[in-house]
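Next come the chains, spelled out residue by residue.
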Amino acid sequence: MKSLEFESDMDNERKVMVAIFWTNRKAARTEGCAPFRITKIETPNETYTPDGRKLLKLSKVVMKDVVESLDAGEPIPMEFSIGEENLKVVLSADSFSVSVEKSPEIEGEIIEKLSMEFPKKYANLCDSFKPRVVPKE
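Per-chain numbering applies: the sequence of each chain, read as written, is numbered from 1 onward. This being a predicted model, a pLDDT of at least 70 is required before a residue's local features are given, and a value of 80 or more before pairs of side-chain atoms are given or counted; all residues contribute to the totals for chains, interfaces and linings. To get the side-chain values, all heavy atoms of the structure are used, and hydrogens and water are removed first.

A.B. asks: Any chance you could explain the overall build of the chain here in plain terms?
C.D. replies: Within the chain one finds four helices and six strands. Helices and strands appear in the chain in the N-to-C order β-α-β-β-α-β-β-β-α-α. Throughout, radius of gyration means the C-alpha value; the globule benchmark is 2.2 Å times the number of residues raised to the power 0.38. Taking 2.2 N^0.38 as the reference for a compact globule, 137 residues should give roughly 14 Å; the C-alpha atoms of the chain span a radius of gyration of 14 Å, in line with that estimate. In terms of overall dimensions, the chain has C-alpha extents of about 35 × 35 × 25 Å along its principal axes. Counting every position in the chain, which comprises 137 residues, the buried fraction comes to 42%. Taking the intrachain contacts of the chain between residues at least 6 apart in sequence as the baseline, contacts between residues at least 24 apart amount to 64%. Every accessible area reported is derived by Shrake-Rupley at a probe size of 1.4 Å, with residue values counting cover from the shown protein chains alone. In the structure as shown, the chain presents an accessible area of about 7600 Å², 47% of it carried by carbon and sulfur atoms. Under the DSSP-based scheme used, a helix requires at least four consecutive residues in state H or I and a strand at least two consecutive residues in state E, with every element numbered from the N terminus. Relative accessibility under 20% of the residue-type maximum defines a buried residue, over 50% an exposed one, and the middle range a partly exposed one, all with a 1.4 Å probe and only protein chains included. Any two residues whose heavy atoms approach within 4.5 Å are treated as being in contact.

A.B. asks: Mind showing me how you'd approach the side chain of Glu117 here?
C.D. replies: Along the chain, Glu117 turns up in helix α3 (residues 105-117). Judged by its relative accessible area of 1%, Glu117 falls in the buried class.

A.B. asks: Explanation requested: a negative patch on the surface in the structure shown.
C.D. replies: Only residues above 30% relative accessible area that lack a salt bridge enter a patch, with like-charged residues linked at up to 9 Å and the nonpolar side chains Val, Leu, Ile, Met, Phe, Trp and Tyr linked at up to 5 Å. The term salt bridge refers to a side-chain nitrogen of Lys or Arg lying within 4 Å of a carboxyl oxygen of Asp or Glu. Lys and Arg are tallied as positive, Asp and Glu as negative. Neither His nor the chain termini are counted. By convention, the point assigned to a charge is CZ for Arg, NZ for Lys, CD for Glu and CG for Asp. Judged by side-chain charge, Glu5, Glu7, Asp9 and Asp94 come together as a negatively charged surface patch. Note that Glu5 resides in strand β1 (residues 2-5).

A.B. asks: What exactly am I supposed to notice about the sheet that holds β1 here?
C.D. replies: Through backbone hydrogen bonds, the strands of a sheet pair up, either in parallel or in antiparallel fashion. Strand pairing is defined by DSSP finding a minimum of two bridges between the two strands. The strand order across the open sheet built from six strands is β1-β6-β5-β4-β2-β3, with neighbouring strands paired in antiparallel fashion. Edge positions in the open sheet fall to β1 and β3 (47-48), since each of these has one partner strand only. Inspection of the sheet shows strand β5 (residues 85-91) paired to strand β6 (residues 95-100) by five bridges, in the antiparallel sense. Bridge pairing links Val89 to Val98 in β6. Between N-to-C directions, angles cover 0 to 180 degrees, with each direction set by a line fitted to C-alpha atoms, over the stretch in contact for helices. On the sheet, α3 packs against β1, β5 and β6 and is oriented at approximately 160° with respect to β6.

A.B. asks: So what exactly am I meant to see when it comes to the packing of helix α1 (residues 12-31) against α3 here?
C.D. replies: Each packed pair of helices is defined by two parameters, the angle between the axes and the distance between the axes. The N-to-C vectors of α1 and α3 enclose an angle of 140°; their axes lie 9 Å apart at closest approach. When the axes of α1 and α3 are compared, the crossing they make is right-handed. In this structure, α1 contributes Val18, Ala19, Trp22, Thr23, Lys26, Ala27, Arg29 and Thr30 to the contact, and α3 contributes Glu105, Ile106, Glu109, Ile110, Lys113, Leu114 and Glu117. Each residue gets one label: Ala, Val, Leu, Ile, Met, Phe, Trp, Tyr, Cys and Pro are nonpolar, Asp, Glu, Lys and Arg are charged, and the others, such as Gly, are polar. Within the contact of α1 with α3, the residues separate by chemical class into seven nonpolar, two polar and six charged. Here is the rule for handedness: rotate from the far helix to the near one, and if that takes an anticlockwise turn smaller than a right angle the crossing is left-handed, while a clockwise turn gives right-handed.

A.B. asks: What am I meant to see in the packing of aromatic side chains here?
C.D. replies: Where two aromatic rings form a pair, the distance of their centres and the angle of their planes describe that pair. Pairing of aromatic side chains requires ring centres within 6.5 Å, counting the rings of Phe and Tyr and the six-membered ring of Trp. Pairs whose planes differ by under 30 degrees are stacked, by over 60 edge-to-face, and all others tilted. On inspection of all chains with the given rule, the structure shows five aromatic pairs. Lysine and arginine charges are scored as sitting over a ring when NZ or CZ, respectively, is within 6 Å of the ring centre and within 35 degrees of the ring normal. In this arrangement the basic side chain of Lys113 is found over the ring face of Trp22, its NZ or CZ atom lying 4.5 Å from the centre.

In structure tokens, the structure reads:
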């Protein structure tokens with residue numbers, strides 16, 4: 001497991017998106033274009049998992065719960081899969097940790113990239129990423 005502490009003026013909703021985007025992007029380096037899946041998000045109020053064969057998305061309800069939890073100082077554990085790789089992430093308002101099962105070098109790459117992105121007020125995100133993790137409403 002690799003961790004990062006940071007200071008950031010970025011709002012917590014954007015931190016969530018940046019954390020998920022760069023975790024996906026760096027894991028794709030070894031797993032190629034395999035589907036990226038959010039398999040679990042835990043808040044103090046709820047544990048979100050996919051419903052049957054549906055993908056877990058960052059709906060308004062989920063994002064609101066996550067952001068309010070981060071605002072209250074609570075860490076948010078999340079789990080993702082991409083190809084054969086499973087990733088566990090813990091995001092808080094000022095820290096990030098990641099552990100992977102198959103290719104541990106990805107941990108360092110994710111931490112290195114996020115150490116550059118979190119201090120920015122408007123971190124880099126690919127425009128095509130948000131529609132893949134946020135449902136159309």
